[in-house]
Amino acid sequence: MPEYFKDVPKIKYEGKYSTNPFSFKYYNPDEIIGGKTMEEQLKFAMSYWHTLCAEGADMFGVGTADKSFGTDREPMELAKAKVKAGFEFMEKLHIRYFCFHDADIAPAGETLAETYKNIDIMSDIILTEMKRTGIKCLWGTANLFNHPRYMHGAGTSPNADVFAYAAAQIKKAIDTTVKFGGKGYVFWGGREGYETLLNTNMALELDNMARLMHMAVEYGRKIGFNGDFYIEPKPKEPTKHQYDFDVAAALAFLRKYGLDKDFKVNVEANHATLAGHTFQHELRYASINGVFGSIDANQGDMLLGWDTDQFPTNVYDAAMCMYEVIKAGGFKNGGLNFDAKQRRGSFELKDTAFSYIAGMDTFALGLKIAYKLIEDGRIDKFVADRYASYNSGIGAEIVSGRATMESLAEYALNKIGEVKTNTSGRQELLESIVNNIMFSL
Ligand code: XUL
Ligand code: CO
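Report follows, based on the coordinates. (Residues numbered from 1 in each chain as written. Chains lettered and ligands numbered in written order. Predicted model: local features only at pLDDT ≥ 70, side-chain atom pairs only at ≥ 80, totals over all residues. Heavy atoms only, no water.)

## A look at empty space enclosed by the protein
And step 1. This structure, assessed with the given rule, holds 4 cavities of 30 Å³ or more.
And step 2. If you add up the space inside the largest cavity, you get close to 100 Å³.
And step 3. Taken together, 14 residues make up the lining of the largest cavity; nearest its centre are A142, L144, F187, W188 and E192.
And step 4. Counting residues per element, the lining of the largest cavity draws most heavily on strand β8 (residues 184-187), at 3 residues.
And step 5. In terms of residue class, the lining of the largest cavity is made up of 9 nonpolar, 3 polar and 2 charged. (1 Å grid on protein atoms, 1.4 Å probe; cavity = no way out; pocket = protein on both sides within 12 Å on 5 of 7 lines; lining within 4 Å. Points joined across faces, edges and corners; volume = space filled by probe spheres on them. Helix = DSSP H or I, 4+ residues; strand = E, 2+ residues; numbered from the N terminus. Nonpolar A, V, L, I, M, F, W, Y, C, P; charged D, E, K, R; others polar.)

## A short note on the coordination of the cobalt ion (ligand 2)
And step 1. Distances from the cobalt ion (ligand 2) to its protein donors, namely E232 (OE), E268 (OE), D296 (OD) and D339 (OD), fall within the range 1.9 to 2.1 Å.
And step 2. Considering all 6 donor atoms around the cobalt ion (ligand 2), angles at the metal cover 79 to 172° and the coordination shape is octahedral.
And step 3. When the donors of the cobalt ion (ligand 2) are listed by position in the chain, the intervening gaps give E-x35-E-x27-D-x42-D. Here D339 lies in the loop between β14 (336-338) and α12 (349-376) and E268 lies in strand β12 (residues 263-268), a separation of 71 residues in the sequence. (Donors = N, O, S within 2.8 Å, 3.2 Å for Na, K, Ca; no water. Tetrahedral: all angles 85-135°; square planar, octahedral: opposite > 155°, others 65-115°.)

## Points about the nonpolar core
And step 1. Of all hydrophobic cores here, the largest spans 118 residues; its most connected members are Y48, L93, F98, F253, I295 and F363.
And step 2. With 11 residues, α12 is the largest single contributor of residues to this core.
And step 3. Leaving out residues up to four positions away in the same chain, Y48 has contacts with C53, K82, V83, F98, C99, F100, D104, I105 and I126. (Core = buried A, V, L, I, M, F, W, Y, C linked by side-chain atoms within 4.5 Å. Buried < 20%, exposed > 50% of the residue type's maximum accessible area, 1.4 Å probe, protein only. Contact = heavy atoms within 4.5 Å.)

## A look at unusual backbone geometry
And step 1. Cis geometry marks the peptide bond from E237 to P238, where omega comes out at 10°.
And step 2. Note that P238 resides in the loop between β10 (228-231) and β11 (241-242).
And step 3. Here H94, not a glycine, exhibits a phi torsion of approximately 60°, which is positive.
And step 4. Relative to the elements of secondary structure, H94 occurs in the loop between α3 (75-93) and β6 (97-101).
And step 5. H94 gets classed as partly exposed once you look at its relative accessible area, which sits at 23%.

## Comments concerning the site of ligand 1
And step 1. Neighbouring residues of ligand 1: W49, H101, W139, F145, W188, E232, K234, E268, H271, D296, D307 and D339.
And step 2. Between an oxygen atom of ligand 1 and a side-chain N or O atom of W49, the distance comes to 3.3 Å.
And step 3. Between E268 and ligand 1, the recorded distance is 2.8 Å, taken from a side-chain N or O atom to an oxygen atom.
And step 4. When the free accessible area of ligand 1 is taken as 290 Å², the share hidden by the protein chains comes to 93%.
And step 5. Class assignment of the residues belonging to the shell around ligand 1 gives a composition of 4 nonpolar, 2 polar and 6 charged. (Near = heavy atom within 4 Å. Polar contact = N/O pair within 3.5 Å; in protein donor to acceptor, adjacent residues only side chain to side chain. Areas by Shrake-Rupley, 256 points an atom, 1.4 Å probe, with all protein chains shown as cover.)

## Describing the pattern of salt bridges
And step 1. Scanning the model with the defined rule gives 22 salt bridges in all.
And step 2. Note that D66 is salt-bridged to R73, the shortest N-O span being 3.4 Å.
And step 3. Among the residues examined, R73 registers a relative accessible area of 40% and is labelled partly exposed.
And step 4. Put simply, E129 and K84 hold a salt bridge, and the shortest N to O gap is 3.7 Å. You can see E129 sitting in helix α5 (residues 112-133) and its partner K84 sitting in helix α3, a full 45 residues away along the chain. (Salt bridge = Lys/Arg side-chain N within 4 Å of Asp/Glu carboxyl O.)

## As for the packing of aromatic side chains
And step 1. All chains considered together, the criterion is met by 27 aromatic pairs.
And step 2. Considering the side-chain rings of F87 and F98, the 5.9 Å spacing of their centres and the 65° angle between planes classify their relative orientation as edge-to-face. One end of the pair, F87, is in helix α3; the other, F98, is in strand β6, and 11 residues separate them in sequence. Grouping residues by exposure puts F87 and F98 together as buried.
And step 3. What links up through ring pairs into an aromatic cluster is the set Y4, F5, F24, Y27, F44, F69, F89, F311, F338, Y356 and F363. (Phe/Tyr/Trp six-rings, centres within 6.5 Å; stacked < 30°, edge-to-face > 60°.)

Written as structure tokens, this is what we have:
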């Protein structure tokens, strides 16, 4: 069997003093943190599209990386080589899950029937590799944004034929996810939005999107899909305004249309920052509303206003992310999918390995720091104390629902006078505590 990532050896944990670039410094899959192995807690997944398909093309230039994997690019031969390359890569990097779009795993045929056939052939091959290696599918999805037919959207297209075509693609993508035993199915609405309201019936578009999601749930449950459906919020790009702007917007949509029992959110770090939020904000919003599901791990560039999908190397953000994941009870059906790509200038195949090592080590550190923050307890205690006024007296009246406008006015008039009970928020002290914990690992 040919070896595709020839320069990449099997990556092992060598500890923080190792200078071997092909080693994990912090990710030690079997190490127990908080009662479970790192591998169980982090559930890393490979993104099929960035890792095996994207060659670094941007708006100004063609690709720089060669992902022909030794083929002359005949579509089915290339698709087969990608399977072998992908599983070789995951085995070498100790990645136990993958995520895919229909279009990543099989080339489109001349007709939809031919595309279906290609997907069947390729999913059989992938399934064989899954059985050989024990690697699992985290989630699947349909690519409803690349082809020109989706120029005006898919579920939100003004053209009913496009809606029907999208449904046919989703049906097959759900079939394939179930065939792989995947526990997640993602809706990312890159073109589900609009450029101008002058040509847009927003009400119908949103109703139709919900209709499509209801059909997906009904079909999925019928064929035995018992995992989670996810919306992956993103405010813009490629569409100027995307309906799934952020977790709050996605949640309002899910609740309005009665989809919140079957859907959770797949939170992507770079999408959070594009929406003007921190990654942690989006995770907290999801978790307190019972819709935290999965994560697309990456990071944006502070100086750029688009989705750069960089591999996550910011340990602080990873720590805050894992803090939220632990508080949410850990991953159930979800995991950490690296929806991330190496920079265009990092064009060698071994750069893909360096990128994943960097991302996995970052999240391993994040996990350790998050547990330390929780064990240390100073942050949690501070927050609990800050709201202590709701534990008794008038605060308890408010929280229990017994207080009324009249009783509060009476209290304010007779008991408060002027408020003299505010305490400091101590932000700087808390930030220094986080640094103290982070750097005393
Ligand atoms: C695009 C993006 C997608 C989804 C899956 O910004 O994040 O790759 O994760 O369609
Ligand atoms: Co994503």
